[in-house]
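Close look at the chain arrangement
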Amino acid sequence: MDWDGIERRHMLALLAGGGATASGAYVLSDSPDPATTDELGDEESRRLAEAHAPTLYYGAREQWPATDPREYESERDGDTVVDGFDALDGYSADARDTDYPHPTVFYNAVDYPDSPLCCVQFWIYSAFDQFSTNFHWHDWEVLHVFVDRSADGGGTDSATESATTAEASTPAGTGEPVLFVASAHSRKVPNNEHLDPEVTRASIISEVGSHSSTLGVNARPTTFQRTAVDGLAPDISNDPVEVISGEASLPLAYGLPRDEGLTLPYAIPEYEGERLPEHDRLPNVRPGDLTPDELTVDTYEALANPPEGIPQREGDVAFVPDATAEASVDAEARYELVEMEAIRHIDDFTGPQLSFSFTVPQFVEDAVSGHITTVGVPWDQPRFTNPETDISDPQHRAALADRYEPIDAGGDVSRILGAVREATGADEAPGSNGVSLLAPSIETVALLESDPEGVPTFSGVVTLENPGEGDHRLTVNGAGMAPYSEKLTHEGGTTRAGVEGAIPMSANEDAVKVRGETGDGTGLASVALDDDFAGTVYDGRPPGEDGQFGIYAHREGAYTAEIRDESGGTGALRVNPNADDETVELSGIETGKVALTEFLLRFLVETRLQVAAIRDDEDVDGVPTGQNIGDETLREVVAAADENAGDLVDGVDDAVGELLGEDSDDGDNGGGNGSIGGGVAGVVRAVDAAVLVAVAARAAARDGRGDDANRRLEGLRTRLSNVDDSVDGEGLPGELAGFVTGRTGRIRPRIDAAVDAELDADS
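Residues numbered from 1 in each chain as written. Predicted model: local features only at pLDDT ≥ 70, side-chain atom pairs only at ≥ 80, totals over all residues. Heavy atoms only, no water.

**A word on the sheet that holds strand β33 (residues 535-540)**
- Read across the open sheet, the four strands follow the order β33-β32-β35-β36; overall the sheet is antiparallel. Since the sheet does not close on itself, it has two edges, and those belong to β33 and β36 (570-575), each with one partner. On average, each strand axis in the sheet is tilted by 15° relative to the strand beside it, whichever way the strands run.
- Direction of pairing for strand β32 (residues 524-531) relative to β33: antiparallel, over a ladder of five bridges. For Asp531, the partnering residue across the bridge sits in β33 and is Gly535.
- Running at roughly 20° to β36, helix α5 (residues 593-615) makes contact with β35 (559-565) and β36 of the sheet. (Pairing = 2+ DSSP bridges. Helix = DSSP H or I, 4+ residues; strand = E, 2+ residues; numbered from the N terminus. Axes fitted to C-alpha atoms, helices over the stretch in contact; angles between N-to-C directions. Contact = heavy atoms within 4.5 Å.)

See below:
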């Protein structure tokens, strides 16, 4: 689809996706049909529900805790519906009369026949959902408590810091929980799960605004611990996964980002161009009835930097079940525990769809993509009758399958995985000539165009569970961050996005768009951006058509852009943005041996200019670099190199003379037998000698002398070794050695590529 020119409001008509109430399931590849289940009898269901009902903890800024949708139902065309306007408006009015209107949790119990296993579900309704990725009328969250009824029961109740739940243990004969599964945002994000918990009642910690549920099962149930810390056990047992190749593993569950130290800005809901409190169908909704302003941002793209000062989660508002509330003196609310059957007369939860927009990098102007969210009734979802389909961790499902015959372990996981890294100027780089990649300061949002359901990151991790096999476009946006986008192909299993899982992003004020276009519209296979200090910061297929692309990169980087076309050819260009650049243009990108030898020469010319600036104690950013090196600068540097190091290299005079427009000397300057010398002067001479060899390699490639070009390229390897040797001496500026060896390390792979490249047919 061509996204150019599409306005934000028009996205409503284009895309549809699932919100927190999406009805999909976690389907492992090659999974069998769901297990056969039955409903438990009313009396048994009630007994189990009372025994395992959770305590709910809400943050102090929560506006829509658990309530009863029956209070806002109406008749429409013969159907009983809960209209989104009615629910939000009615709840806002009720909340002015009482702190927590109609607190209710609904339960449903599912039996697995011929097995001691059952599942007690606790469904929690909220009148509205406002979050970073989306906002929608109505919200349903669920806690699945898988119970082994053959166990004795009478176990330890939930651990608490204060008496907010019943002190008595769970009644005998109500079994023991074997797995808690608390729903995250959608079927695309791994749930928060705990296998074989030591408590019989889970505590649910609800994310402000979105109500995504995480678990509190250790001695501090009001806060979330992903891993063991401060003597506390983890609140989840999700399997650790290596997100970025070669880096530490992380338990893969959504968790509770605002309780884990990251900034999480919320979006502001609009409908038909107006903020919701201004809509005439919401007379009782005031600005203060939505998520507080201090948590929100108006727009992602208008912020220069990720926002600071957004508060983390605060407060513990406890909701406890009325069946045990007599012992709950510190609870702020008692919720009524109601069988789900009591609301199954409701035909639908309705409301006009609300959109959330994404900026997608493109060649000319960035496009606007988006997604919208829908809701539905819980009993139409597969997980309502087959709770095992909501188990997102394959190890947990395998454990239950090993114990209980109705549960099948399923197949392998299928996911797209990555982790955001925030680019910043590298302290060790001279001037603005390199970046570092750090852990992000803010949570971001990811979207697959092929399945437009925006999902939030957690601890910077992007995971999209169960994507369809085939081609996708992944876009990641964050408040105050320039967007990241790539095309990728998922073939099942785990597909790592970005650079082996790392997804580098930059603050808007630090970002420059690198715009490129292949020569003659040659098809583009992939683009890589390789920074001199951070290494590869982009390696993929950027969105674009006809060989065009646009990629955001940090302005302080010094990059090699490597382009691969559909015929297998490789080309490379230097990209070193200026301080005031908003865009760097790379037009007519060519591939092949000639193009790569041209790149090597210009890269070495840039290196020579910067080494000389360091030698002379001048501003290293004050010399031409990258795309700013014109032909005149090239000739000036080659002339200086010939004068300074011509005695070190033989057989290059013809090529140098041709480049300079001069007749070559009768002989070579010293026959290549000169001494490099020591100190900074020796480093400059070694670099100059490499420049002269690169001139000869380029000339041979241009003349169609492939073997001669390769011989010169092999000689260039030797010259780079001489450059490395020259910085081993004492008395050199501290930053010079690291800078020079870093450059030679970046040049060598491109020599390999140039040797392997074919000569153009018309060379």
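**Quick look at the packing of aromatic side chains**
- In the structure shown here, the tally under the stated rule is 15 aromatic pairs.
- Relative to Phe384, the ring of Trp123 lies with its centre 5.9 Å away and its plane at 45°, an arrangement referred to as tilted. Of this pair, Trp123 sits in strand β7 (residues 117-130) while Phe384 sits in helix α3 (residues 382-385), placing them 261 residues apart in sequence. With respect to class, Trp123 is no different from Phe384; both count as buried.
- Centre to centre, the rings of Tyr254 and Phe458 are 6.0 Å apart; their planes meet at 75°, and the pair counts as edge-to-face. Of this pair, Tyr254 sits in the loop between β14 (249-251) and β15 (270-271) while Phe458 sits in the loop between β25 (451-456) and β26 (461-465), placing them 204 residues apart in sequence. There is no split in this pair, since Tyr254 and Phe458 are both buried.
- By way of ring pairs, the aromatic residues Phe106, Trp123, Tyr125, Trp140, Phe349 and Phe384 are connected into one cluster. (Phe/Tyr/Trp six-rings, centres within 6.5 Å; stacked < 30°, edge-to-face > 60°. Buried < 20%, exposed > 50% of the residue type's maximum accessible area, 1.4 Å probe, protein only.)

**Examining the pairing of strand β11 (residues 203-206)**
- Alternating positions in β11 separate into two faces, Ser203 and Ile205 on one and Ile204 and Ser206 on the other, with burial throughout.
- Summarising the sheet, strand β3 (residues 55-58) and β11 pair through three bridges and their orientation is parallel. Counted as the bridge partner of Leu56 is Ile204 from β11.
- Of the pairings in the sheet, the one linking β11 to strand β12 (residues 213-216) comprises four bridges and is antiparallel in character. Residue pairing in the sheet places Ile204 in a bridge with Leu215 of β12.
- Between the antiparallel neighbours β11 and β12 lie six residues, among them Gly209 with a positive phi of about 85°.

**Considering the pattern of salt bridges**
- Summed over all chains, the structure comprises 41 salt bridges.
- Between Glu585 and Arg515 there is a salt bridge; the shortest N-O distance is 2.7 Å. Of the two residues, Glu585 is situated in strand β37 (residues 583-589) and Arg515 in strand β31 (residues 511-518); the sequence distance between them amounts to 70 residues.
- You can call Glu585 partly exposed: its relative accessible area is 44%. (Salt bridge = Lys/Arg side-chain N within 4 Å of Asp/Glu carboxyl O.)

**Some words on the packing of α5 against helix α9 (residues 706-726)**
- Relative orientation of the contacting elements α5 and α9 amounts to 25°, with a least axis distance of 12 Å. Comparing the axis directions of α5 and α9 gives the class roughly parallel. In this structure, α5 crosses over α9, and the sense of that crossing is left-handed. Along its contact with α5, which presents Lys593, Thr597, Leu600 and Leu604, the element α9 presents Ala709, Asn710, Leu713, Leu716 and Leu720.
- Considering only residue class, the contact of α5 with α9 consists of six nonpolar, two polar and one charged. (Parallel < 35°, antiparallel > 145°, perpendicular 65-115°, else oblique. Left-handed = near helix turned anticlockwise from the far one by under 90°. Nonpolar A, V, L, I, M, F, W, Y, C, P; charged D, E, K, R; others polar.)

**As for unusual backbone geometry**
- Even without being a glycine, Asn466 presents a positive backbone phi close to 60°.
- Looking at the secondary structure, you find Asn466 in the loop between β26 and β27 (470-478).
- A positive phi is found at Asp617, a non-glycine position, where the angle reads about 60°.

**Observations concerning the packing of α5 against helix α6 (residues 631-645)**
- The contact between α5 and α6 brings their axes to 10 Å, and the two run at 70°. By the angle between their directions, the pair α5 and α6 is classed as roughly perpendicular. The chirality of how α5 crosses α6 is left-handed. Judged by residue contacts, Leu601, Arg602, Val605, Arg608 and Leu609 of α5 engage Asp631, Thr633, Leu634, Val637, Ala640 and Asn644 from α6.
- Residue composition of the contact of α5 with α6, grouped by class: six nonpolar, two polar and three charged.

**Considerations on helix α8 (residues 679-702)**
- End to end, α8 covers 35 Å across 24 residues, agreeing with the expected 34 Å (1.5 Å per residue, within 8%).
- Burial within α8 is extensive, with 21 of its 24 residues counted as buried.
- Within two residues after α8, Gly704 carries a phi angle of roughly 80°, on the positive side. (Expected span 1.5 Å × (residues − 1).)

**Describing empty space enclosed by the protein**
- If you walk through the whole model with that rule in mind, you get five cavities of 30 Å³ or more.
- Quantified by volume, the largest cavity comes out at close to 100 Å³.
- Of all elements in the fold, only β23 (435-438), β30 (502-505), β33 and β34 (548-554) reach the threshold of two or more residues within the lining of the largest cavity.
- The element contributing the most residues to the lining of the largest cavity is β34, with four residues.
- The calculated volume of the second largest cavity comes to roughly 80 Å³.
- Every residue lining the second largest cavity is counted, 13 residues in all, and those nearest its centre are Pro483, Tyr484, Ser485, Ile551 and Tyr552.
- Of all the elements in the fold, those that place two or more residues in the lining of the second largest cavity are β28 (481-490), β30 and β34.
- Per-element tally for the lining of the second largest cavity: the top contributor is β28, with four residues.
- Taken together, the residues that form the lining of the second largest cavity break down as 10 nonpolar, three polar and no charged. (1 Å grid on protein atoms, 1.4 Å probe; cavity = no way out; pocket = protein on both sides within 12 Å on 5 of 7 lines; lining within 4 Å. Points joined across faces, edges and corners; volume = space filled by probe spheres on them.)

**Let's talk about a negative patch on the surface**
- There is a patch of like negative charges on the surface, built from Glu75, Asp77, Asp79, Asp347, Asp348 and Asp380.
- Examined against the element boundaries, Asp79 turns out to sit in strand β5 (residues 79-83). (Patch = residues over 30% accessible without salt bridge, like charges linked within 9 Å, V, L, I, M, F, W, Y side chains within 5 Å. Areas by Shrake-Rupley, 256 points an atom, 1.4 Å probe, with all protein chains shown as cover. Lys, Arg positive; Asp, Glu negative; His and termini not counted. Charge placed at Lys NZ, Arg CZ, Asp CG, Glu CD.)

**Topic: the sheet that holds β34**
- Taken in spatial order, the three strands make up an open sheet running β34-β31-β37, and their pairing is mixed. The sheet is open, and its two edges are formed by β34 and β37, each paired on a single side. Each strand of the sheet is rotated relative to its neighbour by a mean of 20°, with strand direction disregarded.
- Pairing analysis gives five bridges linking β31 to β37, with the strands arranged parallel. Bridge pairing in β37 links Arg515 to Glu585.

Taken by themselves, the reported measurements are silent on function.
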